[in-house]
Number of protein chains: 2
Amino acid sequence: MTRSVPKVTLQRYPIYLKALRKLKQLGVKKIMSSELAKYVDILPTTIRRDFSLIGRLGKQGYGYDVDELIEIFSNQLNIDFDERIVLIGVGNLGKALLKYNNWDHVLGEVTCAFDKDPDNIGDINVPLYNINDFAKYKPQGCRIAILCVSENVQETVNMLVENGIKGIVDLTHEHFVVPEDVHVRYVDIVSSIIEVVFEVNEDDRKR
Amino acid sequence: MTRSVPKVTLQRYPIYLKALRKLKQLGVKKIMSSELAKYVDILPTTIRRDFSLIGRLGKQGYGYDVDELIEIFSNQLNIDFDERIVLIGVGNLGKALLKYNNWDHVLGEVTCAFDKDPDNIGDINVPLYNINDFAKYKPQGCRIAILCVSENVQETVNMLVENGIKGIVDLTHEHFVVPEDVHVRYVDIVSSIIEVVFEVNEDDRKR
DNA sequence: AGTGATATGTGAATGAATTGACAATATTCA
DNA sequence: TGAATATTGTCAATTCATTCACATATCACT
């Protein structure tokens, strides 16, 4: 992973990983780009190109070894992350996410959570602290935060950034701004719905 | 919206819409591409180009009218409040989503929910039916489903598709396949985290 | 009303991503 | 063991997206 990976490829890696896991579960041992292509609906060439950015993962005349591929993907992605992730805001959604915390062992789990009102939250499976003590309890080297708060979003973000957070996965519906060296990914169901609706409508028009 | 809109532009529309709503709420009446640019972190030219695909929305020497823009976007995107959306699978996550149901009045709320075990679910704020009765209780004209099940994913998807679902917003971690006229958007926190981590790491390397 | 200032909309240039085509190479089977 | 087969990895061509640069249109002010 030394070369710069196109943004779009980056978006496809998780798709591959997910599909490969499923295939493994189905007992598939080897796969070739053309089969995988049908499975994930991405052209074989694109797949091979994407894979080749990580290394020579396949064997000519044979295909790719599923286990090996999963291994390599996880490692390659994992190198880049023994990553400590914190969850900010333990409301309904935050709680639901924590229950997911066994995220397929795809990445480091959520290390701890913060909330403005930690006393009124039931039992959760990670340590929970007051958001005001973020500086104090922030795990060493933690750079990534999942943002689930519903109030004071901008203020919270500012505080996180001041304390070294470099990447935010945003689950609020609020808009906020960050310095340019901080990366945000929006996880927004509403936006996704809009996009799907739009696609469906475009299809309709064509017919 | 007669011309085909680039995929990437499509992904930006919801970002614009969200930002514009926020601006409106703050009392902003007009905005120019350069201001909006700082706000959403997209270059002014890109913004203007994206907008121009819909029509001549702005006024030279003046900028864009916020209200008007929101209006046009919503219309053009066909994000009516009429869109009937169903939720499939009312587990932790599904329940958390239902609590969000007042999605900023951006689009139609979730009309009803389905689960394989509707009796063991507490109080929720929409009608709840057994997934086996989907055909019976599916709202008229409903095309969009939010998928939150954790088991029998493929089977569930097949059933939905057979019953006229054309767009799926997928919150499972499972891989599944759909006919090509069905559109899927993955909402996957794990993937998002992976992407953010990548970006942060890439930044690190550059410095 | 007319003129200057300003921001849009877009053609042309650049840059990024996808796809086609094939040489290189591992595997398989005689 | 060696030839035939099958599939990868990658160069080159193409398609798609971004950005530049400026002509064009609207507003604001005198």
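Because the structure is predicted, anything quoted here is derived from the model rather than measured.

**Quick word on the overall build of chain A**
Argument step 1. Within chain A, the regular secondary structure consists of 8 helices and 8 strands.
Argument step 2. Seen through its C-alpha atoms, chain A measures out along the principal axes to roughly 60 × 45 × 35 Å.
Argument step 3. Here chain A holds 207 residues, and the buried ones make up 51% of them.
Argument step 4. Partitioning the contacts of chain A with sequence separation of at least 6, the portion at a separation of at least 24 is 52%.
Argument step 5. If you sum the accessible surface of chain A, you get close to 10,200 Å²; carbon and sulfur atoms cover 46% of it.
Argument step 6. Charge-centre separation for chain A: the mean point of 26 positive side chains lies 9 Å from the mean point of 30 negative side chains.

**Topic: the relation of the copies chain B and chain A**
Argument step 1. Superposing chain B onto chain A takes a rotation of 179° combined with a translation of 0.1 Å along the rotation axis, leaving an RMSD of 0.9 Å. The symmetry that links the two subunits is that of a two-fold axis.
Argument step 2. Most of the interface of chain B is mirrored in chain A, where 92% of its interface residues are also at the interface.

**Some details on the protein's contact with DNA strand D**
Argument step 1. In the vicinity of DNA strand D lie 27 residues, with Ser-33, Gln-60 and Tyr-64 of chain A together with Arg-12 and Arg-49 of chain B positioned nearest.
Argument step 2. Taking the atoms of DNA strand D that fall within 4 Å of the protein, sugar and phosphate contribute 60% of them.
Argument step 3. For DNA strand D, a phosphate oxygen lies 3.1 Å from a polar atom in the side chain of Thr-46 of chain B.
Argument step 4. Take Gln-60 of chain B: an N or O atom from its side chain is 3.1 Å from a base oxygen of DNA strand D.
Argument step 5. Counting only elements with at least two residues in the surface near DNA strand D, the list comes to helix H3 (44-52) of chain A together with helix H1 (7-25) and helix H3 (44-52) of chain B.
Argument step 6. If you tally residues by element for the surface near DNA strand D, the top one is H3 of chain B, at 4 residues.
Argument step 7. In terms of residue class, the surface near DNA strand D is made up of 8 nonpolar, 10 polar and 9 charged.

**Some words on the side chain of Thr-172 of chain B**
Argument step 1. You can see Thr-172 of chain B is positioned in the loop between strand E7 (167-170) and strand E8 (183-186).
Argument step 2. Residue class for Thr-172 of chain B comes out buried when judged on its relative accessible area of 3%.
Argument step 3. Polar contacts involving the side chain of Thr-172 of chain B include one to the side chain of Asp-170 of chain B, which spans 2.7 Å.
Argument step 4. A distance of 3.2 Å separates a polar atom in the side chain of Thr-172 of chain B from the backbone nitrogen of Glu-174 of chain B.
Argument step 5. Setting aside residues no more than four positions away along its own chain, Thr-172 of chain B makes contact with Lys-18 of chain A together with Leu-147, Val-149 and Val-153 of chain B.

**Section: the pairing of strand E6 (residues 144-147) of chain A**
Residue and element names in this part refer to chain A.
Argument step 1. With burial as the criterion, each face of E6 is covered, one bearing Ile-144 and Ile-146 and the other bearing Ala-145 and Leu-147.
Argument step 2. Across 4 bridges, E6 lies against strand E7 (residues 167-170) in parallel orientation. Note on E7: the bridge partner recorded for Ile-144 is Gly-167.

**A few points about helix H2 (residues 33-40) of chain A**
Residue and element names in this part refer to chain A.
Argument step 1. Looking at H2, one finds that the buried residues are Ser-33, Leu-36, Ala-37 and Val-40. Looking down the long axis of H2, one finds its buried residues gathered within 110° of arc, a one-sided arrangement.
Argument step 2. Buried residues along H2 sit in contact with helix H1 (7-25), strand E1 (30-31), H3 and strand E2 (64-65).

**Details of the interface of chain B and chain A**
Argument step 1. With 66 residues of chain B at the contact, the number on the chain A side is 64 residues.
Argument step 2. Taking both sides of the interface into account, the surface hidden between chain B and chain A amounts to around 6,500 Å²; carbon and sulfur atoms contribute 67%.
Argument step 3. By the criterion of area lost to chain A, the three top residues of chain B are Lys-18, His-175 and Phe-198 of chain B, representing 11% of everything that side buries.
Argument step 4. Connecting chain B to chain A are 6 salt bridges.
Argument step 5. Residue Lys-22 of chain B is joined to Glu-174 of chain A by a salt bridge in which the shortest nitrogen-to-oxygen separation is 3.0 Å.

**Points about the pattern of salt bridges**
Pairs can form between side chains of opposite charge once their charged atoms are near each other.
Argument step 1. Applying the stated criterion to the full structure yields 16 salt bridges over all chains.
Argument step 2. The closest approach of N and O atoms between Glu-195 of chain B and Arg-185 of chain A, which form a salt bridge, is 3.0 Å. Separated into two different chains, Glu-195 of chain B in helix H8 (residues 189-206) and Arg-185 of chain A in strand E8 (residues 183-186) make up a pair that spans both.
Argument step 3. The closest approach of N and O atoms between Asp-181 of chain B and Lys-166 of chain B, which form a salt bridge, is 2.8 Å. You can see Asp-181 of chain B sitting in the loop between E7 and E8 and its partner Lys-166 of chain B sitting in the loop between helix H7 (153-162) and E7, a full 15 residues away along the chain.

**Overview of the sheet that holds strand E4 (residues 110-115) of chain B**
Strand pairing in a sheet takes place through backbone hydrogen bonds and is either antiparallel or parallel in direction.
Residues and elements named next belong to chain B.
Argument step 1. Taken together, 6 strands build an open sheet; the order of strands is E5-E4-E3-E6-E7-E8 and the sheet is parallel. The open sheet has two edge strands, strand E5 (128-130) and E8, and neither has a second partner. This sheet shows a mean twist of 25° between the axes of neighbouring strands, independent of strand direction.
Argument step 2. In this structure, strand E3 (residues 85-88) lies alongside E4, joined through 4 bridges in parallel fashion. Paired with Ile-88 across the bridge in E4 is Phe-114.
Argument step 3. Taken strand by strand, helix H5 (residues 92-99) contacts E3, E4 and strand E6 (144-147), and its axis lies near 150° from that of E3.

Procedures and definitions
- Residues numbered from 1 in each chain as written.
- Chains lettered and ligands numbered in written order.
- Predicted model: local features only at pLDDT ≥ 70, side-chain atom pairs only at ≥ 80, totals over all residues.
- Heavy atoms only, no water.
- Helix = DSSP H or I, 4+ residues; strand = E, 2+ residues; numbered from the N terminus.
- Buried < 20%, exposed > 50% of the residue type's maximum accessible area, 1.4 Å probe, protein only.
- Contact = heavy atoms within 4.5 Å.
- Areas by Shrake-Rupley, 256 points an atom, 1.4 Å probe, with all protein chains shown as cover.
- Lys, Arg positive; Asp, Glu negative; His and termini not counted.
- Charge placed at Lys NZ, Arg CZ, Asp CG, Glu CD.
- Least-squares fit on C-alpha atoms with pLDDT ≥ 70 in both.
- Near = heavy atom within 4 Å.
- Polar contact = N/O pair within 3.5 Å; in protein donor to acceptor, adjacent residues only side chain to side chain.
- Nonpolar A, V, L, I, M, F, W, Y, C, P; charged D, E, K, R; others polar.
- Pairing = 2+ DSSP bridges.
- Arc of directions from axis to C-beta.
- Buried area = accessible area lost by both parts, 1.4 Å probe.
- Salt bridge = Lys/Arg side-chain N within 4 Å of Asp/Glu carboxyl O.
- Axes fitted to C-alpha atoms, helices over the stretch in contact; angles between N-to-C directions.

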